[in-house]
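Residue-level structural notes
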Amino acid sequence: MLNVIDHPLIRHKLTVMRDKNTGTKDFRENLDEIGGLMVYEITRDLPTKEIEIETPICKTKADTLAAPIVVAPILRAGLGMVSGILSIVPTAKVAHIGMYRDEETLEPHPYFEKYPHHMEESTVIIVDPMLATGGSSAAAIDMVKKQGATNIKLVCLVGAPEGVKLIEELHPDVDIYLAALDDHLNEKGYIVPGLGDAGDRIFGTK
Ligand SMILES: O=c1ccn([C@@H]2O[C@H](COP(=O)(O)O)[C@@H](O)[C@H]2O)c(=O)[nH]1
Ligand SMILES: O=P(O)(O)OP(=O)(O)O
Ligand SMILES: [Mg+2]
């Protein structure tokens, strides 16, 4: 199911990121901050369990997270959201999924994967700022499913209708979270209006 997280702070920060005159430093900082703000909303339905603790006053029962959380950035661009997410969920483990998109065919090419233990019992949050054709995210979801993950969330900043459709078709069990649903893809597979090439803007490459 698609969830567009609509919040004035997120809209403001995303506008800064979309602006072509925004430099690497401000682009990175705003991406990180949006990552933190989005994850607060996304984790709203995480399962909790009651445990017994002792306060300075008495014994009591209180809630704690029931399952481990794994943040799985799709390299490189997804890396830009990790520290913002970890600032809200500091106990999360981090998986890495290396993927590049062929510039001609737009097909995703995985080149690296590394996971923490217990993927099957974790809530896995896959992050990539851009959901364009959806090929990279769909492939990343396949990869974490092969590791046994069943509770998977996909968190992107900007999505195109084409990418949302692909994920809904291939992985109807995965909830999609966006900060904005944009208009369409251009002939080169870039999101319009979008924010350009996220990896290049984060890392200052071209
Ligand atoms: O406007 C865009 C579109 C894509 N990217 C990069 O490509 C992948 C996602 O593309 P899919 O077509 O959905 O596989 C994403 O990892 C971005 O790194 C982009 O930066 N800007
Ligand atoms: O999906 P790509 O090819 O844009 O990868 P990166 O995020 O490393 O720029
Ligand atoms: Mg890129």
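Given the structure is predicted, the values throughout are model-derived calculations rather than measurements.

1. Some points on the UniProt feature "binding site: 5-phospho-alpha-D-ribose 1-diphosphate" (unreviewed entry) in the protein chain
Following the UniProt record, the feature "binding site: 5-phospho-alpha-D-ribose 1-diphosphate" (unreviewed entry) maps to Arg-76, Arg-101, Asp-128, Pro-129, Met-130, Leu-131, Ala-132, Thr-133, Gly-134, Gly-135, Ser-136 and Asp-197 here. For the largest pocket, the lining residues among the annotations just cited are Arg-76, Arg-101, Asp-128, Met-130, Leu-131, Ala-132, Thr-133, Gly-134, Gly-135, Ser-136 and Asp-197. Looking at the element boundaries, Ala-132 is found in the loop between β9 (130-131) and α4 (135-146). What makes Ala-132 buried here is its relative accessible area of 13%. If sequence neighbours within four positions are ignored, Ala-132 has contacts with Arg-101, Ala-160, Glu-162, Gly-163, Leu-185, Gly-189 and Ile-191.

2. With respect to the pattern of salt bridges
On inspection of all chains with the given rule, the structure shows nine salt bridges. Between Lys-13 and Glu-33 there is a salt bridge, and its shortest N-O distance comes to 2.6 Å. With Lys-13 in helix α1 (residues 8-18) and Glu-33 in helix α2 (residues 24-42), the pair connects residues that are 20 residues apart, well separated along the chain. Take Lys-13: its relative accessible area is 15%, and that puts it in the buried class. Classification of Glu-33 by relative accessible area gives partly exposed; the value is 37%. Between Asp-45 and Lys-153 there is a salt bridge, with the nearest N and O atoms lying 3.1 Å from each other. With Asp-45 in the loop between α2 and β2 (48-54) and Lys-153 in strand β10 (residues 151-155), this residue pair connects regions lying 108 residues apart in the sequence.

Cut-offs and rules
- Residues numbered from 1 in each chain as written.
- Chains lettered and ligands numbered in written order.
- Predicted model: local features only at pLDDT ≥ 70, side-chain atom pairs only at ≥ 80, totals over all residues.
- Heavy atoms only, no water.
- UniProt positions renumbered as here; feature names shortened; annotations may be inferred.
- 1 Å grid on protein atoms, 1.4 Å probe; cavity = no way out; pocket = protein on both sides within 12 Å on 5 of 7 lines; lining within 4 Å.
- Helix = DSSP H or I, 4+ residues; strand = E, 2+ residues; numbered from the N terminus.
- Buried < 20%, exposed > 50% of the residue type's maximum accessible area, 1.4 Å probe, protein only.
- Contact = heavy atoms within 4.5 Å.
- Salt bridge = Lys/Arg side-chain N within 4 Å of Asp/Glu carboxyl O.

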